[in-house]
Amino acid sequence: MKSNPHDWLKEHGDYLYRFALARLRDVHQAEDAVQETLLAAIKNPNFAKQSSPRTWLTGILKHKIIDCMRKQIRETPVSELLSEQDANMDDFFDDTGHWAEKPQAWDVPHDALQQTQFLKVLQRCMERLPQKLAAIFTMRDVDEMDNDEICKELGITATNAWVMLYRARMGLRKCLELHW
Amino acid sequence: MLNCKQTSLLVSQSLDRPLTWRERLAVRGHLLICVYCRRFTQQLKLIRRYMQGWQQQVTESSDIALSLAARERIAQQLDKFY
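Rules and cut-offs
- Residues numbered from 1 in each chain as written.
- Chains lettered and ligands numbered in written order.
- Predicted model: local features only at pLDDT ≥ 70, side-chain atom pairs only at ≥ 80, totals over all residues.
- Heavy atoms only, no water.
- UniProt positions renumbered as here; feature names shortened; annotations may be inferred.
- Helix = DSSP H or I, 4+ residues; strand = E, 2+ residues; numbered from the N terminus.
- Salt bridge = Lys/Arg side-chain N within 4 Å of Asp/Glu carboxyl O.
- Buried < 20%, exposed > 50% of the residue type's maximum accessible area, 1.4 Å probe, protein only.
- Core = buried A, V, L, I, M, F, W, Y, C linked by side-chain atoms within 4.5 Å.
- Domains from an automatic or database assignment.
- Contact = heavy atoms within 4.5 Å.
- Axes fitted to C-alpha atoms, helices over the stretch in contact; angles between N-to-C directions.
- Parallel < 35°, antiparallel > 145°, perpendicular 65-115°, else oblique.
- Left-handed = near helix turned anticlockwise from the far one by under 90°.
- Nonpolar A, V, L, I, M, F, W, Y, C, P; charged D, E, K, R; others polar.
- Patch = residues over 30% accessible without salt bridge, like charges linked within 9 Å, V, L, I, M, F, W, Y side chains within 5 Å.
- Areas by Shrake-Rupley, 256 points an atom, 1.4 Å probe, with all protein chains shown as cover.
- Buried area = accessible area lost by both parts, 1.4 Å probe.

## Some details on the UniProt feature "domain: Putative zinc-finger" (unreviewed entry) in chain B
As recorded in UniProt, the feature "domain: Putative zinc-finger" (unreviewed entry) lies at residues 4-38 of chain B. Across residues 4-38 of chain B, helical content stands at 80% and strand content at 0%; the span's end C-alpha atoms are separated by 10 Å.

What follows is the structure, given as structure tokens:
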């Protein structure tokens with residue numbers, strides 16, 4: 001099978017870009033991840049033997065995306081990551097640990113139109129989340145990486161990971177409640 | 001007895017790790033009497049379901065594509081190495 005990097009770009013470039021964009025939510029970072037993936041692919045001596053370039057390239061891309069998220073998260077010391085939203089977290093509950101604002105019932109989106117609308121709101125809420133929280137939340141809830149893997153990749157403890165995921169979910173839930 | 005704050009933390013963790021039987025029992029007990037935490041639990045599960053749907057939608061959407069400029073730039077980089 002003949003395989004040429006320019007063909008990869010033509011045939012799989014958009015797919016890889018969308019895959020990266022869905023996870024990094026940043027156009028430039030997604031473009032860079034695609035470029036780095038193709039460059040890494042060229043340097044792999046077995047590239048011509050791949051029978052399914054898309055699957056293979058996506059595998060490389062996943063690693064590039066994690067590298068990128070790791071950078072986003074490592075740029076901030078853990079202590080700061082965890083204190084960042086403390087003020088906000090306290091707003092969720094009163095002094096006795098009861099909901100300060102009680103979770104309201106949501107309409108569960110049932111038809112296609114509502115589902116699309118719900119997704120749009122969810123996307124906007126993800127954009128409002130601090131980037132690092134969005135990154136770890138994506139690893140967990142989208143790519144279904146297990147906690148050990150996430151901690152290893154990011155160099156954080158399990159407890160830190162749980163707290164960050166909790167904050168991400170609390171923030172998203174609140175945002176959805178306001179806008180859905 | 002758990003309060004809502006402790007319950008919400010455990011409910012979130014139950015999506016990331018298996019709870020101990022003691023924790024499960026405590027959460028279940030609280031959820032029985034607290035409609036708000038029951039809602040919270042359902043909503044977190046809904047968010048998880050939709051997160052996966054959303055990424056899939058973006059990845060399959062044909063109207064999102066590399067810009068011409070980016071494509072050009074990447075092609076030039078490829079030329080340097082291949």
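## Quick notes on the pattern of salt bridges
Scanning the entire structure with this criterion turns up 13 salt bridges over all chains. The partner of K174 of chain A in a salt bridge is E101 of chain A, and the shortest N-O contact between them spans 2.7 Å. Here K174 of chain A is found in helix 9 (residues 158-179), whereas its partner E101 of chain A is found in the loop between helix 5 (86-92) and helix 6 (112-128), with 73 residues between them in sequence. Owing to a relative accessible area of 16%, K174 of chain A belongs among the buried residues under this scheme. R169 of chain A is the partner of D16 of chain B in a salt bridge, and the nearest nitrogen-oxygen pair spans 2.9 Å. Taken together, the residues D16 of chain B in the loop between helix 1 (4-14) and helix 2 (21-33) and R169 of chain A in helix 9 connect one chain to another.

## A closer look at the nonpolar core
If you look at soluble globular proteins, the nonpolar side chains tend to sit buried side by side. One finds L38 and I136 of chain A to be the most contacted residues of the largest nonpolar core, which totals 64 residues. Ranked by the residues each element gives to this core, the list is headed by helix 1 (residues 5-24) of chain A, at 10 residues. Both domains that meet at this core, namely domain 1 (5-74) and domain 2 (78-179) of chain A, each give it at least three residues. When neighbours within four sequence positions are excluded, L38 of chain A is seen to be in contact with W8, L9, L16 and L57 of chain A together with I74 and L78 of chain B.

## Section: the packing of helix 1 of chain B against helix 2 of chain B
Residue and element names in this part refer to chain B. Following both chains from N to C, one finds helix 1 and helix 2 inclined at 125°, their axes separated by 10 Å at the closest point. Comparing the axis directions of helix 1 and helix 2 gives the class oblique. You can see that helix 1 and helix 2 cross each other, and the crossing is left-handed. Touching C4, T7, L10 and V11 of helix 1 are E23, V27, H30 and L31, all from helix 2. Of the residues that constitute the contact of helix 1 with helix 2, the class distribution is 5 nonpolar, 2 polar and 1 charged.

## Side note on a nonpolar patch on the surface
Where nonpolar side chains cluster on the molecular surface, the patch consists of M1, L32 and I33 of chain B and spans about 440 Å² of accessible area. Mapped onto the elements of the fold, I33 of chain B is located in helix 2.

## Things to note about the domain arrangement of chain A
All names here are of chain A. Domain assignment breaks chain A into domain 1 (5-74) and domain 2 (78-179). Placing the centre of domain 1 and that of domain 2 at their C-alpha centroids yields a distance of 26 Å. Facing 9 residues of domain 1, the contacting portion of domain 2 comprises 15 residues. Here domain 1 and domain 2 share an interface that buries about 1,200 Å² over both sides, 61% of which is from carbon and sulfur atoms. If you sort the residues of domain 1 by the area they bury against domain 2, R25, Q72 and I73 come out on top, with a joint share of 49%. One can count 2 salt bridges joining domain 1 with domain 2.

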